[in-house]
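Working through the structure, step by step
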Amino acid sequence: MLSLNPGTGLLLGIEFARRAVRVATMDASREIVGGVGEAHGPDTPWQARVDIAWRLADTLASGALRSGAPIGIGVGVVGPVGAPDRNPLRTSRHSTVSELLRERFGARVAIDNNTRLAALAETIWGAAAGEQDVLYLRLSHGVGGGLVVAGALHRGAHGRSGEFGHITVEPDGAPCECGGAGCLETVASIGAVLDAYRAAGGTAADVPELMAAVRSGDREAHAVLDRVGAHIGRMLDAVSQAVAPRVIVVGGELVDAGPALMRSIERTLNTRVTGGADGRPAVRPARLGDSGTALGAIAQLVPWPPDASHRPAAATPNAKNVEGTRSTGWPLH
């Protein structure tokens, strides 16, 4: 009997988020080995981020990286990235990341947008597993997402598909870093939601404190999330009218607010989407948590669908350290 040696053919998925590096690994038998993450400061240089990625990947691979290169590395980064076979849009930052990774790991590198890759992962393993038409939205320090259409990741002509955070929801709203005004990101990003809560009299300094206020029944916290959910619902309605997803997956730290946010999103969608109950997309919270982009980065390297049994373990974000954790978890320290 012949069988694959799972120690060969290692694939890496890496996410370079704004404030963290996350790594996932898959062996030759298409088994997810595990995933880890590490937070860093917003001004951490790229060489240091790549060094973090190497260390985390070598931890997952039990030192195997020191004796041989992986066969491929998928990478998720912030910002638009075009398809690699169509004169891809590349910034100097993307070129720097690719070059540093090739030098450090000695492997080919495939880069795509981080939230778009999370959309792919949620479609393969997560909240929309088995679906063909999926819209994914991430609510974090930025707001973005991705579309899976007829089972394939949609990038758009210039790699800008999924920039839902820059759809206008308040025409006379606050200026956005994209140059527009009243974009969804100006009302639904973590910073915008915390600012709105504090302006209403709340005192939350971060997301955990906001979530604590929600759980305690704080009326202002619930009112802020209700307004944010309504904005999100109207944006999702507009996009749904164009692409008709079967499932909408909402991820990011703000989804920890649970029903306080999700109810408002669903209520807005249910009152606006035409076609009756059968025409409304199902709205589900993301299942893969912080691991989504790293898994999606691996998924872009190999043909899918995989065997359904090769499903990664549930995410456990915000664990305090990597040492001593099992490789099947997804710690972030």
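In this report, the structure presented in the accompanying data block is examined. Every value quoted in this text rests on a predicted model; they were computed, and no experiment measured them. (Residues numbered from 1 in each chain as written. Predicted model: local features only at pLDDT ≥ 70, side-chain atom pairs only at ≥ 80, totals over all residues. Heavy atoms only, no water.)

1. Description of the environment of Ala 257
Quick reminder of the rule: Secondary structure is summarised from DSSP: a helix means a run of H or I of at least four residues, a strand means a run of E of at least two, and numbering begins at the N terminus for each. The criterion used for residue contact is that any of the two residues' heavy atoms lie within 4.5 Å.
Counting through the fold element by element, Ala 257 comes out in the loop between strand 9 (247–251) and helix 8 (259–272). For the pair Ala 257 and Leu 210, spaced 47 residues apart in sequence, the C-alpha separation works out to 8.4 Å. Apart from the residues lying within four places of it in its own chain, the contact partners of Ala 257 are Met 211, Val 214 and Leu 225.

2. Focus: the pattern of salt bridges
Operational definition: Salt-bridge detection follows one rule: a side-chain nitrogen of Lys or Arg within 4 Å of a carboxyl oxygen of Asp or Glu. Under the scheme applied here, a residue whose accessible area is under 20% of the maximum for its type counts as buried, over 50% as exposed, and between as partly exposed, the area being computed with a 1.4 Å probe on protein chains only.
Within this structure, the stated rule accounts for 11 salt bridges. The salt bridge partner of Glu 15 is Arg 22, with a shortest N-O separation of 3.0 Å. Residues Glu 15 and Arg 22 agree in their burial class; the two are buried. For Arg 22, the salt bridge identified is with Asp 290, shortest N-O distance 3.7 Å. Of this pair, Arg 22 sits in strand 2 (residues 20–26) while Asp 290 sits in the loop between strand 10 (282–285) and helix 10 (292–299), placing them 268 residues apart in sequence. Members of the salt-bridge network, linked through shared partners, are Glu 15, Arg 22, Arg 138 and Asp 290.

3. Description of the sheet that holds strand 6 (residues 134–139)
Hydrogen bonds between backbone atoms are what pair the strands of a sheet, whose relative direction is either parallel or antiparallel. Here is the rule: Two strands pair if DSSP finds at least two bridges between them. Simply put, an axis is a line fit to the C-alpha atoms, just over the touching stretch for a helix, and the angle between two N-to-C directions goes from 0 to 180 degrees.
If you trace the 5 strands from one edge of the open sheet to the other, you get 8-7-6-9-10, paired in mixed fashion. Each edge of the open sheet carries a strand with a single partner, namely strand 8 (152–154) and strand 10. The sheet shows a mean angle of 25 degrees between the axes of neighbouring strands, taken without regard to direction. Two strands pair when backbone bridges link them, and strand 7 (residues 143–149) and strand 8 are joined in this way by 3 bridges, in the antiparallel orientation. Following the sheet pairing, Val 149 is matched in strand 8 by Ala 152. Helix-sheet contacts for helix 3 (residues 114–124) involve strand 6, strand 7, strand 8 and strand 9, and the interaxial angle to strand 7 is about 45 degrees.

4. Some remarks on the side chain of Glu 185
Test applied: Positive: Lys, Arg. Negative: Asp, Glu. His and the chain ends are not part of the count.
Relative to the helices and strands, Glu 185 resides in helix 4 (residues 185–188). Arg 18 is the oppositely charged side chain nearest to the buried, salt-bridge-free Glu 185, at an N-O distance of 4.8 Å. With near-sequence residues (within four places) excluded, Glu 185 lies in contact with Gly 142, Val 143, Gly 165, His 166, Glu 177 and Ala 192.

5. Quick word on the nonpolar core
Going by this rule: To form a nonpolar core, buried Ala, Val, Leu, Ile, Met, Phe, Trp, Tyr and Cys residues must be joined to one another through side-chain atoms within 4.5 Å.
Leu 139, Leu 210, Ile 232, Leu 236 and Leu 261 are the most contacted members of the largest nonpolar core, which totals 39 residues. Elements supplying a minimum of two residues to this core: strand 6, strand 7, helix 4, helix 5 (190–199), helix 6 (207–215), helix 7 (219–243), strand 9 and helix 8. The dominant element in this core, judged by the number of residues it contributes, is helix 7, at 8 residues. Once you skip the residues sitting within four places of it in the chain, Leu 139 turns out to touch Ala 188, Ile 232, Val 250, Gly 251, Gly 252, Glu 253, Leu 254 and Leu 261. Ile 124, Val 249, Ala 297 and Ala 299 belong to the second-largest nonpolar core, a separate cluster that totals 28 residues.

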